[in-house]
Amino acid sequence: MLANQFSMAHRLQWVYLKLFIALLACTTSAAAHEIGTTRVSVLFQERQSYDIEIVTDASALIDKLKAMSGQSSSANPAPDSMQNLLQDFDDKFRQRVKVTFDGVEVHPGIAYSVTPGSGNNSAPVATIRLTGQIPPGAQNFTWTYAWTFASYGMTVRKAASENPSTQWLEGGQRSTPFILAARAPAVGRLSVARRYFSLGFTHIVPLGLDHMLFVLGIFLLSGRVRSVLLQVSAFTVAHSITLGLTMYGLVTVSPRIVEPLIAISIAYIAIENIFLSELRSWRVALVFAFGLMHGMGFAGALKELGLPRSEFLTALLTFNIGVEAGQLAVIGAGFLLVGWYCANRPWYRSRVVVPASMMIACTAVYWTVVRLGL
Amino acid sequence: MLRRLIPSTWWFALIAIGMSQAPLLAHDMWIEPTTFSPRVGEIVGVKLRVGQDMLGDPLPRDSSLIKQFLFEDGQGSKPVIGRDGNDPAGFLRVAESGLLVIGYRSNPSAVELGPEKFNEYLKDEGLDDIAALRAIRNQSGSPAHEAFARCAKSLVLAGPPTDKQGDRRLGFTLELLAEKNPYTIPNGGELPVRLTYENRPLAGALVVAMNRTNPLEKVALRTDKDGRVRFRLASRGMWLIKAVHMIPAPPGGNAEWTSFWASITFDLPKM
């Protein structure tokens, strides 16, 4: 612990020293800037992914997040609690941070950590890591961070081994565009379509276990093709609607709401399978409503992946088709494994549908609890 | 409520609520010691903060920005020492009981603001004469280059408060001076504050006071001909009083405008 604290203190001091040296080197007039303790380092890896690290004063950031949420500022908690607080404020934090490629905002994954200060008077340090995929063919990157009032340095590297370039920014100021590739290769529509189809498919199989269980829940209700077709169609139409609306910015619902609702929808479908053996019209309506939520979940994932500006619609459509293909693959596998042979057997419900639905329901209830943070 | 906050008719008061979207670059700067009520012999960290609505970011020590960083007690003036790049920006040792005045005066920093932001900032800080001057010069639609300097003070009390203790004039270009020891003022009592520019009273300037318990509820008063305002200290806790003064920059530099940001902080203990 002590060694960690020492290394953090040493690292921060070294960073400040470097910042000041850099500042002196680039200052031409007599007037300097008021430099705070925030620093931002951006690393692009293989033109595929980005990794942005913000190091800032944890207490100052939490005070601002609380004030923005209308909460009064209380005494600073321990670093562990600060980390949890930052995670709780994730939605709020995102409102004043903008990562854009070619002018289109992407939705990074964010991890928060807080480490204790290095001495009696030093404040805890928050390290916030924003990661995600660079949209294929993206040519420039811009950054805005409005959670600091002081000036700060942003270093950008195109590879871990490269010397960083530095920009000095005021809090809330948008950086000048950083050129990712002098002459980026043109992105073909076909290659975008192929890439996003595969991303959509893998978002279901094997990455989207929750969506897989939902689709299996639909499949398990009844072995009849009509039942599966009606439900899958309702689900597909619904999630396509919200996926499109969310990606075009017409609908915004926080993942904090969407993700637990997705888990609840799986639990509901699975529990209903235990008590229901025939397709009812309300079931189709419910599957449609649940599909709307899953669509928002797909949009959250797609935002994290990022979309190329030039081929936005192609990417959106092929991602959706990839998702459909993933669903059909799950249903096809279910049909081949159990449906083909035993859907019409008298013991199908008692030996397959009920136990499988119970397992799905238990898993989904567990996810609901976890996603609600209970 | 508003009427109670206005001590007399010749001061113009307004309460600014909802400052969360205030201009991007016109930020307050103040001193926030690690304690406002140290014991004799205690080492006090002197934190510099830049921000708005009393939400501040740390400003680590930067010797290239420091013109004066000192504190005054009954024994005289001493430097606030520290190491570059560190927050708190400096430390002092309390040698005796009494009121201690901490002062930080900076060299100018440069900033360039777009016309809308600059006009909005002039309005927010009550710098009407500069806005009028820009209009006369046909500059209201042009970006502005400004050099701003900080003149921050803080009052720290070691031991019991007495009426004999008082704020001290540090000779800052723009300076707020508490004309009474705020630590002796009873709850709801008035604090007379004087604003001076180059050691002369500054009339008609906007002075703003806010308390940490509700920093959005600001009290803004214009100074009278003697540079005075009186704030009713209705809440306990930390207070920040601030004022901005701007003048056309002397020719030859990069800036068109020079501004000075005075502030004073103190923390009234809970009763």
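Residues numbered from 1 in each chain as written. Chains lettered and ligands numbered in written order. Predicted model: local features only at pLDDT ≥ 70, side-chain atom pairs only at ≥ 80, totals over all residues.

Bringing the overall build of chain A into the picture now. Counting secondary structure elements, chain A contains 11 helices and 10 strands. With 374 residues in all, chain A has 39% of them scored as buried. Partitioning the intrachain contacts of chain A with sequence separation of at least 6 by distance along the chain shows that 78% fall at a separation of at least 24. (Helix = DSSP H or I, 4+ residues; strand = E, 2+ residues; numbered from the N terminus. Buried ≥ 20, exposed ≤ 12 C-beta atoms within 10 Å, placed from the backbone. Contact = placed C-beta atoms within 7 Å.)

Right, let's get into the overall build of chain B. Helix and strand content of chain B: three helices and 17 strands. Classification of the 271 residues of chain B by burial places 49% in the buried group. Considering only contacts in chain B between residues 6 or more positions apart, those separated by 24 or more positions represent 66%.

So, about helix 8 (residues 255-275) of chain A. Residue and element names in this part refer to chain A. Compared with an ideal rise of 1.5 Å per residue, which puts 21 residues at 30 Å, helix 8 spans 30 Å between its outermost C-alpha atoms and is within 8% of the ideal. Within the sequence span of helix 8, burial applies to V258, E259, L261, I262, A263, S265, I266, A267, I269, A270 and N273. Looking at the buried side of helix 8, the elements it contacts are helix 6 (209-220), helix 9 (281-305) and helix 11 (348-371). (Expected span 1.5 Å × (residues − 1).)

All names here are of chain A. The geometry of helix 8 relative to helix 11 is characterised by a closest axis approach of 8 Å and an angle of 160 degrees between their N-to-C directions. On the basis of the axis angle, helix 8 is roughly antiparallel to helix 11. The hand of the helix 8/helix 11 crossing is left-handed. Of helix 11, the residues touching helix 8 (which contributes E259, P260, A263, I264, I266, A267, A270, I271, N273 and I274) are V353, V354, S357, M358, I360, A361, A364, V365, W367, T368 and R371. When the residues that make up the contact of helix 8 with helix 11 are grouped by side-chain class, the tally is 16 nonpolar, three polar and two charged. (Axes fitted to C-alpha atoms, helices over the stretch in contact; angles between N-to-C directions. Parallel < 35°, antiparallel > 145°, perpendicular 65-115°, else oblique. Left-handed = near helix turned anticlockwise from the far one by under 90°. Nonpolar A, V, L, I, M, F, W, Y, C, P; charged D, E, K, R; others polar.)

So, about unusual backbone geometry. Note that the residue after V205 of chain A, namely P206 of chain A, is joined by a cis bond; omega there is 5 degrees. The residue P206 of chain A is located in the loop between helix 5 (189-204) and helix 6 in this model. Following D87 of chain B, the chain continues to P88 of chain B via a peptide bond in cis, the omega torsion being 0 degrees. Here P88 of chain B is to be found in the loop between strand 5 (76-79) and strand 6 (90-93).

Residues and elements named next belong to chain A. Strand order across the open sheet formed by six strands is 5-6-2-1-8-9, with mixed pairing between neighbours. Edge positions in the open sheet fall to strand 5 (109-115) and strand 9 (165-169), since each of these has one partner strand only. Strand after strand, the sheet turns through a mean of 15 degrees between neighbouring axes, direction not considered. As paired strands, strand 5 and strand 6 (residues 125-133) are joined by seven bridges and run antiparallel to one another. Residue I110 lies in a different strand from strand 6, and its bridge partner there is L130. Its contacts with the sheet place helix 3 (residues 79-88) against strand 5 and strand 6, and it is angled at close to 160 degrees to strand 5. (Pairing = 2+ DSSP bridges.)

The description of two helices packed together rests on the angle between their axes and the distance between the axes. All names here are of chain A. Where helix 8 contacts helix 9, the two axes come as close as 9 Å, and the packing angle between them is 145 degrees. Handedness of the crossing formed by helix 8 with helix 9: left-handed. Contact residues: P255, V258, E259, L261, I262, S265 and E272 in helix 8; R283, F290, M293, H294, M296, G297 and G300 in helix 9. Of the residues that constitute the contact of helix 8 with helix 9, the class distribution is seven nonpolar, four polar and three charged.

Another point: the nonpolar core. Nonpolar side chains in soluble globular proteins tend to be buried together. If you look at the biggest cluster of nonpolar residues, it comprises 115 residues, and the most contacted ones within it are V193, V207, I241, A243 and A262 of chain B. Considering each element in turn, this core owes the most residues, 10 residues, to strand 9 (residues 144-158) of chain B. Once residues within four sequence positions are removed from consideration, I241 of chain B is found in contact with L176, V193, V207, A209, F231, S263 and I264 of chain B. Grouped together as the second largest cluster of nonpolar side chains are 47 residues, L221, A267, V287 and L292 of chain A included. (Core = buried A, V, L, I, M, F, W, Y, C linked by C-beta atoms within 7 Å.)

Residues and elements named next belong to chain A. Taken together, four strands build an open sheet; the order of strands is 4-3-7-10 and the sheet is antiparallel. In the strand order of this sheet, the two ends are held by strand 4 (104-106) and strand 10 (178-179), each with one partner. With five bridges joining them, strand 3 (residues 97-101) and strand 7 (residues 140-145) adopt antiparallel strand pairing. The partner of V97 across the bridge, within strand 7, is Y145.

Residue and element names in this part refer to chain B. Relative to the assigned elements, A178 resides in strand 10 (residues 174-178). It is 9.8 Å that separates the C-alpha atoms of A178 and R228, two residues lying 50 residues apart in sequence. Every residue in contact with A178, bar those within four places of it in the chain, is listed here: L155, D167, L191, V193 and I264.

All names here are of chain A. In this structure, N84 sits in helix 3. By the C-beta count within 10 Å, which is 15 here, N84 ends up partly exposed. On a C-alpha basis, the gap between N84 and V114 in space is 9.2 Å, while along the polypeptide they are 30 residues apart.

For the rest of this paragraph, the subject is helix 11 of chain A. Residues and elements named next belong to chain A. In this model, helix 11 (24 residues) spans 33 Å end to end at C-alpha, consistent with the 34 Å of a helix rising 1.5 Å per residue. Of the residues making up helix 11, those classed as buried are V353, S357, I360, A361, A364 and W367. Buried residues along helix 11 sit in contact with helix 6 and helix 8. Count one or two residues on from helix 11 and you reach G373, which has phi positive near 70 degrees.

Further remarks concern the environment of M68 of chain A. All names here are of chain A. For M68, the location among the structural elements is in helix 2 (residues 58-68). For M68, a count of 16 C-beta atoms within 10 Å puts it in the partly exposed group. Along the chain, M68 and K92 lie 24 residues apart, while their C-alpha atoms are 7.9 Å from each other.

This part covers the confidence of the model for chain B. Residues and elements named next belong to chain B. On average, chain B scores 88 in pLDDT, and the residues at 70 or more come to 90%. Overall, residues 1-24 carries pLDDT values under 50, and its contacts beyond four positions in sequence, including any with other chains, amount to 40 contacts. Overall fold confidence (pTM) sits at 0.66, and the ipTM for the predicted complex is 0.81. (pLDDT = per-residue confidence, 0-100.)

Turning to the pairing of strand 3 of chain A, a few remarks are in order. All names here are of chain A. Bridge analysis of strand 3 against strand 4 gives three bridges, and the strand direction is antiparallel. Following the sheet pairing, F101 is matched in strand 4 by V104. The turn joining strand 3 and strand 4, which pair antiparallel and follow one another in sequence, is formed by two residues; a positive phi near 50 degrees is taken by D102.

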